Amino acid sequence: MGELDDSAVDLAKGIETAGWLFGPAGRGWWGGIEVSVATGPGSRSLKAYGEVTLDRDYVHDLCELYRREDLELVGGWHVHVDSPSIPSSVD
């Protein structure tokens, strides 16, 4: 089972989840953002109902890994379990 599958399981349990987005390196945002890889939050992330804290070491490792494929971090994603798809006061 992959990371995004794990995130789907978390959502089914009512646990907020998140992850990172990677795209081609060296592109400016003004040309649009292309997402090539979406990850889960990492095994050491703290996840609960209503919040998720992503693992900083994990994203560092991902940046190193994807840099070899000429990809860079372009953003993150997260899903609210039981609230509208609008930013919360914490977001």
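Residues numbered from 1 in each chain as written. Predicted model: local features only at pLDDT ≥ 70, side-chain atom pairs only at ≥ 80, totals over all residues. Heavy atoms only, no water.

Draft legend 1. Main features of the overall build of the protein. Per the secondary structure count, the protein includes two helices and five strands. Overall, the protein shows an N-to-C arrangement of helices and strands of α-β-β-β-β-α-β. For the protein, the proportion of its 91 residues judged to be buried stands at 30%. Of all intrachain contacts in the protein linking residues separated by at least 6 positions in sequence, the fraction that spans at least 24 positions is 62%. Counting only carbon and sulfur atoms, one obtains 54% of the accessible surface of the protein, whose full area is about 6,200 Å². (Helix = DSSP H or I, 4+ residues; strand = E, 2+ residues; numbered from the N terminus. Buried < 20%, exposed > 50% of the residue type's maximum accessible area, 1.4 Å probe, protein only. Contact = heavy atoms within 4.5 Å. Areas by Shrake-Rupley, 256 points an atom, 1.4 Å probe, with all protein chains shown as cover.)

Draft legend 2. The arrangement of the environment of Val52 in detail. Residue position: Val52 is located in strand β4 (residues 51–53). Sequence-distant contacts of Val52, defined by excluding residues within four places in its chain, comprise Glu16, Thr17, Ala18, Leu46 and Lys47.

Draft legend 3. Expanded view of the packing of aromatic side chains. Per the counting criterion, the structure on display carries one aromatic pair. On the numbers, 4.8 Å between centres and 45° between planes, the contact of Phe22 with Tyr66 is tilted. With Phe22 in strand β1 (residues 17–24) and Tyr66 in helix α2 (residues 56–67), this residue pair connects regions lying 44 residues apart in the sequence. Phe22 sits in the buried class, given a relative accessible area of 0%. Of the residues examined, Tyr66 reaches a relative accessible area of 12% and is grouped as buried. (Phe/Tyr/Trp six-rings, centres within 6.5 Å; stacked < 30°, edge-to-face > 60°.)

Draft legend 4. Quick look at the sheet that holds strand β5 (residues 71–79). Strand order in the open sheet formed by three strands is β2-β1-β5, with antiparallel pairing between adjacent strands. Sheet topology places β2 (37–38) and β5 at the edges, where each strand pairs with a single neighbour. Strand direction decides the pairing type here: β1 and β2, joined by two bridges, are antiparallel. In the sheet register, Leu21 faces β2, and the bridge partner there is Ala38. (Pairing = 2+ DSSP bridges.)

Draft legend 5. Spatial organisation of unusual backbone geometry. One non-glycine residue, Asp70, adopts positive backbone phi at about 60°. Positionally, Asp70 belongs in the loop between α2 and β5.

Draft legend 6. Inspection of the pairing of β1 at higher detail. Counting buried positions along β1 gives eight out of eight residues, so the element sits mostly inside the fold. The sheet contact formed by β1 and β5 spans eight bridges and is antiparallel. When the sheet's bridge partners are listed, Phe22 is paired in β5 with Leu73.

Draft legend 7. Just the pattern of salt bridges, in detail. Considering all chains together, one arrives at two salt bridges under this definition. Arg67 is paired through a salt bridge with Glu64; the nearest N and O atoms lie 2.8 Å apart. Remark: Glu64 and Arg67 occur in helix α2; sequence separation between them is three residues, near one turn of the helix. Residue classification places Arg67 among the exposed residues on the basis of a relative accessible area of 51%. (Salt bridge = Lys/Arg side-chain N within 4 Å of Asp/Glu carboxyl O.)

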